[in-house]
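The primary structure of each chain is shown beneath.
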Amino acid sequence: MPSVILLSTLVSTAFGGRSTDSPGVHKLLANYNHNRRDVLQSICNLASRCRQTTCCPDSLKIGHNELQPIFSARVRSRLYSQKHAFVVKNEFPQNTDLPRCLPKTEKKPWKTPLIELRRAARERLKQGIKSRVAPPRIGLTVKYLIPLAYEILNARITLINNLKMLLKVAPVQACKWCNEIYVGPVGHSFRTCRGRQSNLRRGLHEWTNAVVQDIFVPVDAFHLYDRLGKRILHAERFSIPRLPAVVELCIQAGIDIPEFPAKRRRKPIIHISRKEFIDADESELPDPVPEPRPPILSEMPDSAVVAPSSKEEIVLLAEETLQAWETLRQGAKRLMRMYPVRVCGYCPEIHIGPSGHKAQNCGARKHQQRNGQHGWQAAVIDDLIPPRYVWHVPDVNGPPLLSELKNYYGQAPAVVEMCIQAGAQIPEQYKPTMRLEVGIPTSIEEAEKVV
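As a starting point, this report considers the structure included with it. (Residues numbered from 1 in each chain as written. Predicted model: local features only at pLDDT ≥ 70, side-chain atom pairs only at ≥ 80, totals over all residues. Heavy atoms only, no water.)

A few words now on the packing of aromatic side chains. Aromatic ring pairs are described here by two measures, namely the spacing of the ring centres and the angle between the planes. Tallied over the full model, the rule gives two aromatic pairs. For the ring pair Tyr182 and Trp207, a centre distance of 6.4 Å and an interplane angle of 50° mean the geometry is tilted. Remark: Trp207 occurs in strand E3 (residues 207–209) and Tyr182 occurs in strand E2 (residues 181–183); sequence separation between them is 25 residues. The class of Tyr182 is buried, set by a relative accessible area of 6%. Between Phe190 and Trp391, the aromatic rings sit 5.3 Å apart at their centres with planes inclined by 90°, giving edge-to-face as the arrangement. Highlighted residues: Phe190 in the loop between E2 and E3 and Trp391 in strand E11 (residues 389–391), separated in sequence by 201 residues. The exposure class assigned to Phe190 is buried, which follows from its relative accessible area of 1%. In this arrangement the basic side chain of Arg242 is found over the ring face of Phe222, its NZ or CZ atom lying 4.6 Å from the centre. When the ring centre of Tyr346 is taken as reference, the NZ or CZ atom of Arg370 above it lies at 4.0 Å. (Phe/Tyr/Trp six-rings, centres within 6.5 Å; stacked < 30°, edge-to-face > 60°. Helix = DSSP H or I, 4+ residues; strand = E, 2+ residues; numbered from the N terminus. Buried < 20%, exposed > 50% of the residue type's maximum accessible area, 1.4 Å probe, protein only. Lys NZ or Arg CZ within 6 Å of the ring centre and 35° of its normal.)

Here it is in structure tokens:
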């Protein structure tokens, strides 16, 4: 406080006894404690200029405006001189756990919580916004997604063919009694088997050679000739063909397969009521001109599978397999945004269409109360293409995995783990669950010493 009074006296003396009640002087007094040397120098400059002028004290406002850059420059220089820590940002966290495995007594969570759906509906109603009707809801096909559908279908076939060849060089073990698989020449010794007669084996797995269906889990669905037609009844469940769900999604997206025909409309449907509609008259339209379509690959028979001969071929095959896996998942995820896919909340049943079928074949918990009906809800990409997580092996030629050190091991999809062991680069999105940054103790005694 005395320093401020002394400064006021100094300012009054410097200005020859004039009034110091001005914005410039108040600014000087406020910044005195922070920048004393600059303030004193500014007082001298301002006083010398004020003595040269014979105007009213309002001229001090000019000095205030000119002094403002001095203070701001001083503050900026101090800010820039401070040491700032560099922050490295990443889209994926360092280490994360896998999604929680739901018990059989619990229903799958909704893709979007009901609270958020209701909140969004109220906002649209309040603002008077009408949601845009997607072309598949009125019977039309999205033309710009047809090349993507062909790409997805070929990526699926490429993935299956490459997995058959990779199994020759990267062995995979499967348990005879449960759905556990392990990528490696010898299975692990974890006592996690819950299959038949597991109590007699004390939870140990009984390993055998795996096949492609153990790694790339097949998910089938009913084929729909008309995706807007009547729902499949329980009595029709055996008369309607079933095919892989990804193939059915591609067919509804615009792929033409002679064995599975589909109805294509060129005009939107006409709604008679809420649930009834009729097809528009297309007789005046010209005949459709066939467009060139990319060829569809074919699956390789087991007898024609040849293992890669060199290390370079194995690495190239692993990279191609990993690329096909990512193309399949990302492309199917994009198609699911336009063409709705339904999944049962209690069992793995999948239906490609706006509403699920009426077949009463759900055998999950409390299916008697639902008379075998499925509890349909919006599906996610993991329901359509299950990733099938396995334990990540840090070193294939190193010591085997220990059951006591399970908390230090990571997991990855079986396809990704196979490609990594074959020499492919680890994708960024799978590194958090693989726990690559976690130090693994060399023994149980060392793990017990960890605090």
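Structure's up, so let's keep going.
All right, on to the nonpolar core then. Within the largest apolar cluster, 67 residues are counted, with the highest numbers of intra-cluster contacts made by Leu335, Ile350, Leu384 and Ile385. In terms of residues, this core owes the most to one element, helix H6 (residues 146–166), which gives twelve residues. Discounting chain neighbours no more than four positions away, the residues touching Ile350 are Val219, Asp220, Ala221, Ala245, Val341, Arg342, Val343, Trp376, Ala379, Asp383 and Leu384. One finds Trp391, Val393, Tyr409 and Ala447 within the second-largest nonpolar core, a separate group that totals nine residues. (Core = buried A, V, L, I, M, F, W, Y, C linked by side-chain atoms within 4.5 Å. Contact = heavy atoms within 4.5 Å.)

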